[in-house]
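Geometric and topological summary
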Amino acid sequence: MDMQIALLLGQDGITNGAIYALLALALVLVFAVTRVIFIPQGEFVTLGALTLANLQAGKTPGTIWLLLGAGAAIAVIDCTISLRTGTIRRIPRILLWSVAYPCGTALLLFLVNPAELPMLAQVVLSLMLIMPLGPMIYRLAFQPVAEASVLVLLIVSVAVHLTLVGLGLLFFGAEGSRTLAFSDATFKFGSILMSGQTVLVLASSALLIAALFWFFERTLYGKALRATAINRTGARLMGISTVMAGRLSFLLAAMIGALSGILIAPIATIYYDTGFLIGLKGFVGAIVGGLASYPVAAAGALLVGLLEAYSSFWASAFKEVLVFTLIIPVLMWRSLTTHHVEQDE
Amino acid sequence: MSPKPMPTATDGILKVRDLSVSYGKVEALHHVNIDVTVGQIVTVIGPNGAGKTTMLASIIGLLPHQTGEIMFFGETPVKIEVERMVALGMSLVPENRELFGEMSVEDNLLLGAFMRHRLGYRDERETMTHIYRIFPRLKERQKQKAATLSGGERQMLAVGRALMAKPRLLLLDEPSLGLAPLIVREIFHIIADLKKSGVSMLLVEQNACAALQVADYAYVLETGEVAMEGSAAELADDPRVIESYLGLGGDVCL
């Protein structure tokens, strides 16, 4: 392997690693706040990529049916609860988010021809379709069992994953899609050629990570999420509701997942089940950080990307095996070096 | 958004009626009635395991399984939820503080005002200046992580954080627990000062002597039931209270 190839592989690894890093951050966030190991994180990548591909092809993405269906289910459940507990004042707000918003988005899809929109508008439209699904899934699948054990939450998580993969096949079919490139530009750094797409992935990931950092360090709602992760009871006593924190973290996870999908869609063909594998690689990164540390998780995810790129050169048949085997030494190292401490006060 | 008009001095802030709580088959509280009126410090004293912490936890809604009625500022929520009670102006300083250990003192305080912020009051910075005036020690430590504070400082932070919500009723669970006598005295000074500034309090204490000194009215809770009640001065002179909680020598008071 000469320098040229090594650099090329490195570039590839870092590009994929940046996406894994985003997903790893989302997984750490969701776990810290809700204790859910969010297996369906990767499905949002699929949804992001394929929704955008559908919009560009001038088709109506099936995502809208998911949005309408989940919204209708929530409307029925929450309105029944409101009527039963005598909190009727909550109903307009429930209907606004679970019925009016999905219908409005459907109407928008019906009125405009998405294929003719500028690329940025297509991306925004995709996010509008996908992001509310995060809190909706939390409401339907996780909120009713929010106090259950991590294992129960994990099982629910697997169920949600299987459901979403099935729906993905139903909505998008078995063929893979790519989206149009965001940019045709190429950049030359010395002897390395970088495509505009790679630069875009790296820049967007860096920007998104910086934005998340700012959100958690500087804003009251970001601090409220961290507080819930650190001490649930303490947070509730401040009026930070566990439900609100859960929905907010799922909203962020959906946004991160969808954006990751949109970023890689022009450089990789995405099938209805591709997201799962991408999500799992993010998960390996998150495990390196013990599902707790954001910076270590991001670094771990970059490592996963690089390992994947170089092993695809030397032993391409074993590339997935090598990546997932990484988890064994990491787990051993972690269980030998860290002591399990009961939650201190 | 304008705050509700403040109730007049004769109004009851909190009326607890027939409150019973059980953990499985074990009943921890048995038909408890408690009243707090505006500007008062009401204390609940009693031995370990009498159900004092359980009582506070169920008043603010941390414990879901309960029967009875809790009326707070004329509202009787069907389901007592912590978030709702905090929004109505109740704050609890729990026995074990429940601080956000990995966050700075300043962030802990800021989060104390989370509900106020959500309800549209954006005065957290002014409130914080006020809290730093009450607890100058917290200002010195503002950038430090909460987990690095000493026991007394942690208690101050827990009280300061609760006050950031500008509560209409402050619930204090054993504020003197695990603190050195000098710090206990300081905390009780602060409690007396808070009363002067108009904060109503429900104070749960094992340190009966200090509690009866600052309180206006007192209840004695024994094995989940109210065994005695009366003005704090009355109870402090009651031979049964002296024998069980104050000690015969009468000089254990701080």
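Residues numbered from 1 in each chain as written. Chains lettered and ligands numbered in written order. Predicted model: local features only at pLDDT ≥ 70, side-chain atom pairs only at ≥ 80, totals over all residues. Heavy atoms only, no water.

Our focus in this paragraph is the packing of helix α2 (residues 41-56) of chain A against helix α5 (residues 119-130) of chain A. Residues and elements named next belong to chain A. At a minimum axis distance of 9 Å, the contact between α2 and α5 shows a crossing angle of 135°. Between α2 and α5, the crossing angle belongs to the class labelled oblique. Read as a crossing pair, α2 and α5 show a hand that is right-handed. Of the residues in α5, those touching α2 at Phe44, Leu47, Gly48, Thr51, Leu52, Leu55 and Gln56 are Met119, Gln122, Val123, Leu125, Ser126, Leu129 and Ile130. Split by residue class, the contact of α2 with α5 holds nine nonpolar, five polar and no charged. (Axes fitted to C-alpha atoms, helices over the stretch in contact; angles between N-to-C directions. Helix = DSSP H or I, 4+ residues; strand = E, 2+ residues; numbered from the N terminus. Parallel < 35°, antiparallel > 145°, perpendicular 65-115°, else oblique. Left-handed = near helix turned anticlockwise from the far one by under 90°. Contact = heavy atoms within 4.5 Å. Nonpolar A, V, L, I, M, F, W, Y, C, P; charged D, E, K, R; others polar.)

Attention now goes to helix α5 (residues 124-134) of chain B. All names here are of chain B. Of the residues making up α5, those classed as buried are Glu124, Thr127, Met128, Ile131 and Tyr132. Mapping the buried residues of α5 onto a view down its axis gives an arc of 140°, with all of them on the same face. Opposite the buried face of α5, by more than 90 degrees, sit the exposed residues Glu126 and Arg133. Buried-residue contacts for α5 involve α3 (105-112), α4 (114-118), α6 (136-140) and α7 (151-163). (Buried < 20%, exposed > 50% of the residue type's maximum accessible area, 1.4 Å probe, protein only. Arc of directions from axis to C-beta.)

Once that is clear, we can look at the domain arrangement of chain B. All names here are of chain B. Taken as a whole, chain B is organised into domain 1 (12-89 + 167-254) and domain 2 (99-166). Summarising the inter-unit geometry, the C-alpha centres of domain 1 and domain 2 are found 23 Å apart. Of the residues lining the interface, 14 residues belong to domain 1; the matching set on domain 2 comes to 14 residues. Summed over both sides, the interface between domain 1 and domain 2 buries roughly 1100 Å², with carbon and sulfur atoms accounting for 81% of that surface. At the boundary of domain 1 with domain 2, the tally comes to one salt bridge. For Arg137, the salt bridge is made with Glu186, and the minimal N-O distance between the two is 3.6 Å. (Domains from an automatic or database assignment. Buried area = accessible area lost by both parts, 1.4 Å probe. Salt bridge = Lys/Arg side-chain N within 4 Å of Asp/Glu carboxyl O.)

Our focus in this paragraph is the interface of chain B and chain A. Counting from both sides, the interface comprises 29 residues of chain B and, opposite them, 23 residues of chain A. With both chains or domains summed, chain B and chain A bury close to 2400 Å², and 63% of this area falls on carbon and sulfur atoms. Ranking the residues of chain B by area buried against chain A places Glu83(B), Phe100(B) and Phe114(B) at the top, with a combined share of 25%. In this assembly, chain B and chain A are joined by two salt bridges. One salt bridge connects Glu83(B) with Arg236(A), and the closest N-O pair in it is separated by 3.2 Å. If you look at where chain B meets chain A, you find four residue pairs in polar contact (both at pLDDT 80 or more). For the side of chain B that touches chain A, the secondary structure elements donating two or more residues are α2 (82-88), α3, α4 and α7 of chain B. Its residues assigned to classes, the side of chain B that touches chain A shows 14 nonpolar, five polar and 10 charged. (Polar contact = N/O pair within 3.5 Å; in protein donor to acceptor, adjacent residues only side chain to side chain.)

Of all hydrophobic cores here, the largest spans 96 residues; its most connected members are Leu14(B), Met55(B), Ile59(B) and Leu202(B). Composition of this core by domain shows at least three residues from each of domain 1 (12-89 + 167-254) and domain 2 (99-166) of chain B. With residues near it in sequence (within four places) discarded, Ile59(B) still touches Leu14(B), Val16(B), Leu19(B), Ile70(B), Ile80(B), Met85(B), Met90(B), Leu171(B) and Leu202(B). Counting residues in each nonpolar core, the second largest holds 82 residues, with Leu29(A), Ala70(A), Met136(A) and Ile137(A) among its members. (Core = buried A, V, L, I, M, F, W, Y, C linked by side-chain atoms within 4.5 Å.)

Take unusual backbone geometry next. Of note, Arg35(A) is a non-glycine position whose phi angle comes to about 65°, a positive value. Looking at the element boundaries, Arg35(A) is found in the loop between α1 (3-34) and α2. Owing to a relative accessible area of 23%, Arg35(A) belongs among the partly exposed residues under this scheme. A positive phi angle is found at Glu98(B), which is not glycine, with a value near 50°. By secondary structure assignment, the location of Glu98(B) is in the loop between β5 (90-93) and α3.

A separate point is the packing of aromatic side chains. For any two aromatic rings, the description comes down to two numbers: the centre-to-centre distance and the angle of the planes. What the rule picks out here adds up to 14 aromatic pairs over all chains. Seen in terms of ring centroids, Phe313(A) and Trp314(A) are 5.9 Å apart; in terms of plane orientation they differ by 75°. Their pairing is edge-to-face. Among the residues examined, Phe313(A) registers a relative accessible area of 36% and is labelled partly exposed. The rings of Phe38(A), Phe44(A), Tyr138(A), Phe142(A) and Phe250(A) are connected pair by pair, giving a single aromatic cluster. The ring centre of Tyr121(B) lies 4.4 Å from the NZ or CZ of Arg116(B), which sits over that ring. One cation-aromatic arrangement involves Arg161(B) over Phe100(B); the distance from NZ or CZ to the ring centre is 4.9 Å. (Phe/Tyr/Trp six-rings, centres within 6.5 Å; stacked < 30°, edge-to-face > 60°. Lys NZ or Arg CZ within 6 Å of the ring centre and 35° of its normal.)

Here we take up the packing of α3(B) against α7(B). Residues and elements named next belong to chain B. At a minimum axis separation of 7 Å, α3 and α7 run at an interaxial angle of 35°. Of the two possible hands of crossing, α3 and α7 adopt the one that is right-handed. Residues Val105, Asn108, Leu109 and Gly112 of α3 form the contact with α7, whose participating residues are Leu157, Gly160 and Arg161. Among the residues forming the contact of α3 with α7, the class breakdown is three nonpolar, three polar and one charged.

This brings us to the confidence of the model for chain B. The predicted model of chain B has a mean per-residue pLDDT of 87, with 92% of residues at 70 or higher. For this predicted complex, the interface confidence score (ipTM) comes to 0.89, while the overall pTM stands at 0.89. (pLDDT = per-residue confidence, 0-100.)

To continue, consider the environment of Ile45(B). All names here are of chain B. Along the chain, the position of Ile45 falls in strand β3 (residues 41-45). For Ile45, a relative accessible area of 0% gives the class buried. Sequence separation between Ile45 and Ala208 is 163 residues; the distance between their C-alpha atoms is 5.9 Å. With residues near it in sequence (within four places) discarded, Ile45 still touches Lys52, Glu205, Ala208, Ala211, Leu212, Tyr219, Val220, Leu221 and Val241.

Residues and elements named next belong to chain A. Considering all chains together, one arrives at four cavities of 30 Å³ or more under this definition. Of the voids in this model, the largest cavity is the one considered here, and its volume is about 60 Å³. Surrounding the largest cavity, Val33, Thr34, Val36, Tyr138, Phe142, Ala146, Leu153, Arg232 and Thr242 form its lining. Contributing elements (two or more residues each) for the lining of the largest cavity: α1 and α6 (133-142). Classifying every residue of the lining of the largest cavity gives six nonpolar, two polar and one charged. (1 Å grid on protein atoms, 1.4 Å probe; cavity = no way out; pocket = protein on both sides within 12 Å on 5 of 7 lines; lining within 4 Å. Points joined across faces, edges and corners; volume = space filled by probe spheres on them.)

As a further point, take helix α8 (residues 181-196) of chain B. Residues and elements named next belong to chain B. Between its first and last C-alpha atoms α8 spans 23 Å; for 16 residues at 1.5 Å apiece the expected length is 22 Å, and the two agree. Three or more residues of α8 are buried, namely Val184, Ile187, Phe188, Ile190, Ile191 and Leu194. Taken end-on, α8 shows its buried residues confined to a sector of 155°, consistent with a single buried face. Opposite the buried face of α8, by more than 90 degrees, sit the exposed residues Pro181, Leu182, His189 and Lys196. In this structure, the buried side of α8 is in contact with β3, α5, α7, β6 (169-173), β7 (200-205) and α9 (208-214). (Expected span 1.5 Å × (residues − 1).)

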